[in-house]
Structure formats: C-alpha cells, structure tokens
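Overview (structure and organization)
This is what each chain is made of:
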Amino acid sequence: MLDIKYELTTSPKQKPAADDPLVFGTIFTDHMFMMNYETGKGWHDARIVPYQPIVLEPSAMVFHYGQEMFEGLKAYRGPKEEVLLFRPDKNIERANNTNRRLCIPEIPEEDFLQALKAIVKTDADWIPEKPGTSLYIRPFIIATDPFLGVRPSDRYLFIIILSPVGPYYASGLKPVKIWIEDEYVRAIRGGIGEAKTGGNYVASLKSQVKAHDEGYSQVLWLDGVERKYIEEVGAMNIFFKINGTVVTPMLTGSILPGVTRNSVIQLCKEWGVPVEERRISVDEVYEAAMNGTLEECFGSGTAAVISPVGELRFEEHRFEINGGKIGELSQKLYDTVTGIQLGKIQGPEGWSVRVDE
Ligand SMILES: *Cc1c(COP(=O)(O)O)cnc(C)c1O
C-alpha cells in the first residue's frame, strides 16, 4: 500500500463549459500524482499535488537519451455516477513490460492501481458528461539523473496527469484514410516497437507529416525488414475482415500490444467470428480489395476505440473499403466496447473497474 500524501489546490481551475469540444490533450485537471525513485531507496514519496510545471536539470538523462515510458487509458462515469476504468490491469502489466525493456524500475502492480484510482478519484468531477467524452489518463516515467553518460538512470519520476477529452470523432464514427508507408519504418524485431515509449513516436513523425500533406490522417507501417508485412497504424492496431475472417498482425516484438486489440480479439472469439493473428502482407490486402473479399478494415486504440478505415493508399494504388462506409462488425465492436466502458453493458470479468473499490 502506498502512503499517498495530499496537497490539494487552493485555487481550482475553471472547468470547461458543457459545449467545449475538449480537443484531445489540451486541457489538464487540478491535480497530478507524483512519486520518486532512487536506487537503494526504491519508489517513495507518493503524493497528489496541484497540477504544475516540474523542475529538472538541463542534464536530466531523459532529455538526452530518451529513457521514458508512458501509458494511456480512460476513466468514464457509469449509469449510477460511479467512476470506471477499463481493464487497468492490462495497462499496468504493459507498463512494467515497457519498464523492463527500457531498464526503468518496475512499479508494483497494486501500487500502480492505487495511484490511478487515487488521482482519478481526486479529480473525478473533471470527468465530462456529454456522450462520447471521458477523462484521459496519462501515466509516465522519466529518467532524471543529471548526467550525460549513457547508462540507466538512478533516479526517476513517475507522474500521472489527467485530461478531459471529447469524442474522437466529433461528428460520429467516421472512416479514415490511411497511407501505407513504403519508405520509412517505425520499429524492428528486437527493438523497442512493443514498448510504449516516446522514441517510437519521434521515429514516426516524418511519415506522419508526409501522409498529412497528402491528405491522409494516419500512417500504416510495414515490417522493418522486408517492408512487406503489415504492422500497425500510428497509435492503433489494425484489423482486416477478409471473407468473413478477422485477421490482425501477430505480435512479433515490433508491434505495440494494444489493450483494445486484445479486447477486440476476445469479443470476436466470444461471438464466434473467426480470428487469425498471423503475418499479413500488403499484397494479400491489396488482392482481397481487388477481388472483393476485403469486407472491413479498422484500427483499434484507446483514443478512438474503433476507427473504421475507408481508404488505403499504397504507392500509386488507392483502394476504397466497404464503399467508404462503416462495416457492420466495426460498428458492433465500437458499440460493445464503449458500452462496457460506460458500464451500460456487462463485459467479461474484470473489464470494468470502479475507482472506489
Ligand atoms: C498505445 C498504442 C496503441 C494502442 O493501444 P491501446 O492499449 O489499445 O490504446 C497502438 N499502437 C501504438 C504505437 C501505441 O502507442
């Protein structure tokens, strides 16, 4: 059990108005959780303090060698005003997998969960009310040793900040256009692709800018060796429904194992929809699009939940999927996952966790 000290704000901020669009990641709540680590002392000094800037040495290791990790999940208000987290155990498990890969000390699972519940409970009145809105939770750890040598840091800061967010698609679920990247790659097996860390994102910026300039909203990555097999989208995993079977790239080490991905696979299996986790080449997808067996394509991730794909572009080929409309399975998955998140539908055991229990 963490002994969390509370220093609550004496000047609460103005909360966003009910009709505020709550643009993703722009508004932050009154408080944040913080905890320090030092070699020999372990994780210590858990506290909830007013949201504020942090002071670091310019030589802090995170600025130079990128030793940092992050997570992303959401809190929702259920039908009885209870505050719910969606599968936080999966995020915590993944956080510690990331920590191990990046030589960051692990956080005991029960302490992590306690911290999540405590900060969300503290700022629960920041959870927006309108349909499709939620409170985005961003836990992260940074290496703070003031040292320019390359080695794992001896000091870290674990912080959790909260941000009220609007629906990902302001005007309802809308298919996106995706650019299949054939020049740059995001990650390779044995690298850090399966870790949730900033380094993977800085590697993606150049392609993202290019895709945006061409009118595409996101990049679909191919494997870093043969540039032939599909990996994932910017911050989403990817699914194809081909001839009745749902296919998604298997986790080989270069793909981020999404909690939403795992949930989609489990729901499809429960519904008796055949699911295959395997290698899938861009040629196979192209062929399926050409012969009419590519029925649906969608991305999965915490931000958008399910994001139908209406168009793929590969080299000079553009192909429309399902007439640019939302597929039946995509819609059913979206309705079911969001229904479970909001406590309107009973999901599998442990998928919905109350912060006050
Ligand atoms: C976070 C993330 C995802 C989606 O994971 P969820 O747990 O479903 O939100 C997919 N790809 C990348 C690169 C990510 O960082």
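Figured I'd write up the structure that's included with this text. (Residues numbered from 1 in each chain as written. Predicted model: local features only at pLDDT ≥ 70, side-chain atom pairs only at ≥ 80, totals over all residues. Heavy atoms only, no water.)

Here we look at the packing of helix α2 (residues 88-101) against helix α3 (residues 109-122)
Keep this limit in mind: An axis is simply a line fitted to the C-alpha atoms; with a helix, the fit covers only the stretch in contact. Between two such axes, the angle follows the N-to-C directions and lies from 0 to 180 degrees. Secondary structure elements follow DSSP: runs of H or I of four or more residues count as helices, runs of E of two or more count as strands, with numbering from the N terminus. For classification purposes, angles smaller than 35 degrees are called roughly parallel, those larger than 145 roughly antiparallel, those between 65 and 115 roughly perpendicular, and all remaining angles oblique. The handedness criterion is simple: a crossing whose near helix is rotated anticlockwise from the far helix by less than a right angle is left-handed, and one whose near helix is rotated clockwise is right-handed. Whether two residues touch is decided by their heavy atoms; if any such pair falls within 4.5 Å, the residues are in contact. Three classes are used: nonpolar for Ala, Val, Leu, Ile, Met, Phe, Trp, Tyr, Cys and Pro, charged for Asp, Glu, Lys and Arg, and polar for all others, with Gly counted as polar.
Two elements in contact, α2 and α3, have axes whose closest approach is 10 Å; the angle formed by their N-to-C orientations is 125°. Of the possible angle classes, the one that applies to α2 and α3 is oblique. Judged by the sense of rotation from one axis to the other, the crossing of α2 with α3 is right-handed. For the pair formed by α2 and α3, the contact residues are Pro 88, Ile 92, Ala 95 and Asn 96 on the first element and Glu 109, Phe 112, Leu 113 and Leu 116 on the second. Looking at side-chain class alone, the contact of α2 with α3 contains six nonpolar, one polar and one charged residues.

A few points about the site of the ligand
The condition is simple: Consider each residue's heavy atoms; a residue with any of them within 4 Å of a molecule or strand counts as near. Any pair of N or O atoms that falls within 3.5 Å is considered a polar contact. Within protein, one atom must be able to donate a hydrogen and the other to accept it, and sequence-neighbouring residues count only if both atoms are side-chain atoms. Values of accessible area rely on a 1.4 Å probe in the Shrake-Rupley scheme; residue burial ignores everything except the protein chains shown.
Around the ligand, 15 residues are found, and the nearest of them are Lys 196, Tyr 201, Glu 232, Thr 260 and Thr 302. Between an oxygen atom of the ligand and a side-chain N or O atom of Lys 196, the distance comes to 2.7 Å. Measuring from an oxygen atom of the ligand, one finds a side-chain N or O atom of Thr 302 at 2.6 Å. Considered on its own, the ligand offers 380 Å² of accessible surface; in the complex 97% of this is hidden by protein. Here the shell around the ligand is composed, by residue class, of five nonpolar, six polar and four charged.

Concerning the packing of aromatic side chains
Test applied: Two rings from Phe, Tyr or Trp (for Trp, the six-membered ring) form a pair when their centres are within 6.5 Å of each other. A pair whose planes differ by under 30 degrees is stacked, one over 60 is edge-to-face, and the rest are tilted. Throughout, exposure labels follow a simple rule: accessible area from a 1.4 Å probe, protein chains only, divided by the maximum for the residue type, with under 20% read as buried, over 50% as exposed, and the rest as partly exposed.
Evaluation of the coordinates by the stated rule reveals twelve aromatic pairs. The interplanar angle of 70° and the centroid separation of 6.2 Å between the aromatic rings of Trp 43 and Phe 158 together place this pair among those described as edge-to-face. Remark: Phe 158 occurs in strand β8 (residues 155-165) and Trp 43 occurs in strand β3 (residues 42-50); sequence separation between them is 115 residues. Summarising the burial analysis for this pair, Trp 43 and Phe 158 share the class buried. Through a chain of ring-to-ring contacts, three or more aromatic side chains come together here, namely Phe 33, Tyr 37, Trp 43, Phe 112, Tyr 156 and Phe 158.

Some details on the nonpolar core
Quick note on the threshold: Residues belong to one nonpolar core when they are buried, are Ala, Val, Leu, Ile, Met, Phe, Trp, Tyr or Cys, and are joined through side-chain atoms within 4.5 Å.
Counting 39 residues, the largest nonpolar core has Phe 33, Val 120, Ile 137, Phe 158 and Ile 160 as its most contacted members. Going through the elements one at a time, β2 (31-38), β3, β5 (73-77), β6 (83-86), α2, α3, β7 (134-143) and β8 are the ones with two or more residues in this core. Broken down by element, this core gets its largest block of residues, six residues, from α3. Apart from residues no more than four positions distant in its own chain, Val 120 is found in contact with Ala 75, Val 83, Leu 85, Ile 137, Leu 162 and Val 355. If you look at the next biggest cluster of nonpolar residues, it comprises 26 residues, including Leu 222, Val 285, Phe 314 and Ile 321.

Describing the pairing of strand β15 (residues 294-301)
Formally: Pairs of strands are assigned from DSSP output, requiring at least two bridges between the strands.
When you tally the buried positions in β15, you get seven out of eight residues, the bulk of the element. When strand β12 (residues 237-242) meets β15, the two strands line up antiparallel, connected through six bridges. Along β15, the bridge assignment pairs Phe 239 with Phe 298. Relative to strand β16 (residues 305-314), β15 runs antiparallel, the two sharing four bridges. Directly across from Gly 299, in β16, lies its bridge partner Ser 307.

As for α2
What counts is decided by this rule: By this rule, a helix spans an expected 1.5 Å times one less than how many residues it contains.
Between its first and last C-alpha atoms α2 spans 20 Å; for 14 residues at 1.5 Å apiece the expected length is 20 Å, and the two agree. Trailing α2 by a residue or two, Cys 103 shows a phi angle of about 55°, which is positive.

Points about a nonpolar patch on the surface
Here is the rule: Here, patches come from residues exposed beyond 30% relative accessible area and free of salt bridges, joined within 9 Å for like charges and within 5 Å for nonpolar side chains (Val, Leu, Ile, Met, Phe, Trp, Tyr). Throughout this description, the term salt bridge denotes a Lys or Arg side-chain nitrogen within 4 Å of a carboxyl oxygen of Asp or Glu.
A cluster of nonpolar side chains, Tyr 65, Leu 148 and Val 150, forms an exposed patch at the surface whose accessible area comes to about 330 Å². Along the polypeptide, Val 150 turns up in the loop between β7 and β8.

Quick word on the side chain of Asp 30
Topologically, Asp 30 is positioned in the loop between β1 (5-6) and β2. There is a polar contact of 3.3 Å between the side chain of Asp 30 and the side chain of Trp 126. Every residue in contact with Asp 30, bar those within four places of it in the chain, is listed here: Thr 9, Pro 12, Lys 13, Val 49, Pro 50, Tyr 51, Asp 123 and Trp 126.

Re the pairing of strand β10 (residues 218-222)
Burial runs high along β10: five of the five residues are buried. Every second residue of β10 is oriented toward a common face, with Gln 218, Leu 220 and Leu 222 on one face and Val 219 and Trp 221 on the other, all of them buried. Bridge count for strand β9 (residues 176-180) against β10 is three bridges, and the pairing is parallel. The residue of β10 that forms the bridge with Trp 179 is Val 219.

Description of the environment of Asn 91
As for its placement among the helices and strands, Asn 91 is situated in helix α2. Exposure remark for Asn 91: the relative accessible area of 3% places this residue in the buried category. Residues Asn 91 and Leu 73, spaced 18 residues apart in sequence, show a C-alpha to C-alpha distance of 7.4 Å. Asn 91 has contacts with Glu 71, Gly 72, Leu 73, Phe 86 and Val 259, leaving out every residue within four places of it along the chain.

Coordinates in, geometry out; function isn't part of it.
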